[in-house]
Amino acid sequence: PMREKGLELLAAAPGETLLEVGFGTGHCLLELARKVGPSGKVLGVDISENMLAEAEKLLTGEGLASRVDLQCGDAQHLPYDSESIDGMFTSFTLELFDTPDLPEVLAEWRRVLKPGGRLAVVAVSKEGGQGVVVKAFEWTHKHFPNLMDCRPIYTRKALEQSGFQIRDAKIDHMWVPVEIVLGIKES
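The model shown is predicted, which means the values in this text are computed figures rather than measured ones. (Residues numbered from 1 in each chain as written. Predicted model: local features only at pLDDT ≥ 70, side-chain atom pairs only at ≥ 80, totals over all residues. Heavy atoms only, no water.)

What about the side chain of D46?
Note that D46 resides in strand β2 (residues 41–46). Salt bridges are absent for the buried D46, whose nearest opposite-charge side chain, R3, sits at 9.3 Å. Polar side-chain contacts of D46 include one of 2.8 Å to the backbone nitrogen of G24. When neighbours within four sequence positions are excluded, D46 is seen to be in contact with G22, F23, G24, M51, Q71, C72 and G73. (Helix = DSSP H or I, 4+ residues; strand = E, 2+ residues; numbered from the N terminus. Buried < 20%, exposed > 50% of the residue type's maximum accessible area, 1.4 Å probe, protein only. Lys, Arg positive; Asp, Glu negative; His and termini not counted. Salt bridge = Lys/Arg side-chain N within 4 Å of Asp/Glu carboxyl O. Polar contact = N/O pair within 3.5 Å; in protein donor to acceptor, adjacent residues only side chain to side chain. Contact = heavy atoms within 4.5 Å.)

Points about the environment of M174
Mapped onto the secondary structure, M174 falls in the loop between β6 (164–173) and β7 (177–185). When the C-alpha positions of M174 and P1 are compared, they lie 9.4 Å apart, and in sequence the two are 173 residues distant.

Some words on the side chain of E179
Mapping E179 onto the fold places it in strand β7. This buried residue, E179, is left without a salt bridge; R156 holds the nearest opposite charge, at 6.5 Å. Here the side chain of E179 touches T155 through a polar contact of 2.8 Å, landing on its backbone nitrogen. The residues contacting E179, other than those within four sequence positions of it, are V121, V122, A123, S125, E127, I153, Y154, T155, R156, K170 and I171.

Next up, the structure:
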């Protein structure tokens, strides 16, 4: 449900070029490919070759592989031209980066977005209460990073500090708070 809310905020349209960073098994890529239609293109970057193989299998099975170009790569060094992407989507990926790296990551994402381009982020959040579950989550991440590779972040604040204009932001809850934020790259 959180990813669906993020995809709704992105509001993909026919003919657009969209990028998903950290696409995992590819279910959101599938939705994006349907939305952009045959005249659009969906790009995807994920650091895992196993996830790339899973996503390709899913897209091929649904007959949408021709609309999607997937690459195994690093989200901090995207293989795309500056100002070439209409919109970006990422879910439960931004919080995998260390806090000091967030400005660099978001600067790279801004680089590839066209002026007026949209970035929809779904991320585990430090907003919305510091209950015992969030504290346990952070403690586990700090002491056992191989077990818990991400941690709650201030998503909206990170986007604002990186120059995105916030168009919409909400906090929802799973077992931890989740921020769903839409940022715009101003021209």
